[in-house]
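One-letter residues, chain by chain:
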Amino acid sequence: QVQLVESGGGLVQAGGSLRLSCAASGRTFSLYAMGWFRQAPGKEREFVAAITWGGASTRYVDSVKGRFTISRDNAKNTVYLQLNSLKPEDTAVYYCAAAARSYDKSDYEGNYAYWGQGTQVTVSS
């Protein structure tokens, strides 16, 4: 079992930045590939970014490439999502999730076994 707790969300103006954190506890964090997903009001949850267990490789949805950066610190059992140049359409609840290492940097939420409770990001225009 892995427990995930997100933090760092909030209200920010368009063009601003936030850094989301996801702290993991339970089984060895480095066993898992990690991902970030988001769900906007009235929309389905969508993939945002993922990172391999060692942090060497990442993957992003096209809409956030060049603006968001995923990273992880296995010594601190934490994965981060740096959000820059935020837009109103980035407004959503952001979730971190853990997948078995073999799923690499999957964009399919069904491959993620563990989920956090989410943190709200609101971008005003």
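Shown above is the structure to which this text applies.
Criteria and thresholds
- Residues numbered from 1 in each chain as written.
- Predicted model: local features only at pLDDT ≥ 70, side-chain atom pairs only at ≥ 80, totals over all residues.
- Heavy atoms only, no water.
- Phe/Tyr/Trp six-rings, centres within 6.5 Å; stacked < 30°, edge-to-face > 60°.
- Helix = DSSP H or I, 4+ residues; strand = E, 2+ residues; numbered from the N terminus.
- Buried < 20%, exposed > 50% of the residue type's maximum accessible area, 1.4 Å probe, protein only.
- Salt bridge = Lys/Arg side-chain N within 4 Å of Asp/Glu carboxyl O.
- Pairing = 2+ DSSP bridges.
- Polar contact = N/O pair within 3.5 Å; in protein donor to acceptor, adjacent residues only side chain to side chain.
- Contact = heavy atoms within 4.5 Å.
- Axes fitted to C-alpha atoms, helices over the stretch in contact; angles between N-to-C directions.

### Thoughts on the packing of aromatic side chains
Thinking step 1. The tally for this structure, following the rule as stated, stands at 5 aromatic pairs.
Thinking step 2. Centre to centre, the rings of F37 and W115 are 5.0 Å apart; their planes meet at 55°, and the pair counts as tilted. Taken together, the residues F37 in strand β4 (residues 32-39) and W115 in strand β10 (residues 112-115) connect sequence positions 78 residues apart.
Thinking step 3. The buried category is assigned to F37, whose relative accessible area is 1%.
Thinking step 4. Among the aromatic side chains, those forming a connected cluster through ring pairs are F37, F47, Y112 and W115.

### With respect to the pattern of salt bridges
Thinking step 1. Tallied over the entire structure, the rule returns 6 salt bridges.
Thinking step 2. Where E109 meets R45, a salt bridge forms, and the shortest distance between an N and an O atom there is 3.1 Å. One end of the pair, E109, is in the loop between β9 (92-100) and β10; the other, R45, is in the loop between β4 and β5 (46-51), and 64 residues separate them in sequence.
Thinking step 3. Relative accessible area serves as the criterion here: at 26%, R45 is assigned to the partly exposed category.
Thinking step 4. Among the salt bridges present, the one from D107 reaches R59, with a minimum N-O distance of 3.2 Å. Linking D107 in the loop between β9 and β10 with R59 in strand β6 (residues 58-60), this pair joins segments that are 48 residues apart in sequence.
Thinking step 5. On the basis of relative accessible area, D107 is assigned to the partly exposed category, the value being 38%.
Thinking step 6. Residues joined in a network through salt bridges with shared partners are R38, E46, R67 and D90.

### Side note on the pairing of strand β8 (residues 78-83)
Thinking step 1. By the criterion of burial, β8 is predominantly enclosed, with 5 of the 6 residues buried.
Thinking step 2. By the bridge criterion, 6 bridges tie strand β3 (residues 18-26) to β8 in an arrangement that is antiparallel. Among the inter-strand pairings, C22 is bridged to a residue of β8, identified as V79.
Thinking step 3. Counting the residues that bridge the hairpin from strand β7 (residues 68-73) to β8 gives 4 residues, and of these N77 lies at a positive phi of roughly 55°.

### Here we look at the side chain of T91
Thinking step 1. Of note, T91 is situated in the loop between β8 and β9.
Thinking step 2. From its side chain, T91 meets the backbone oxygen of P88 in a polar contact 2.9 Å long.
Thinking step 3. Engagement of the side chain of T91 in a polar contact is seen with the backbone nitrogen of V123, the distance being 2.9 Å.
Thinking step 4. Ignoring any residue separated from it by four or fewer positions in sequence, one finds T91 in contact with A40, P41, Q120, V121, T122 and V123.

### What about unusual backbone geometry?
Thinking step 1. Its identity as a non-glycine residue notwithstanding, N77 has a phi of 55°, on the positive side.
Thinking step 2. Assignment of secondary structure puts N77 in the loop between β7 and β8.
Thinking step 3. For S85, which is not glycine, the phi dihedral falls at a positive 50°.
Thinking step 4. If you trace the backbone, S85 turns up in the loop between β8 and β9.

### Observations regarding the sheet that holds strand β1 (residues 2-7)
Strand-to-strand pairing in sheets goes through backbone hydrogen bonds, with the strands running parallel or antiparallel.
Thinking step 1. Strand order in the open sheet formed by 4 strands is β1-β3-β8-β7, and the pairing between neighbours is antiparallel. The strands lining the two open edges of the sheet, one partner per strand, are β1 and β7. Adjacent strand axes in the sheet meet at a mean angle of 15° when their direction is disregarded.

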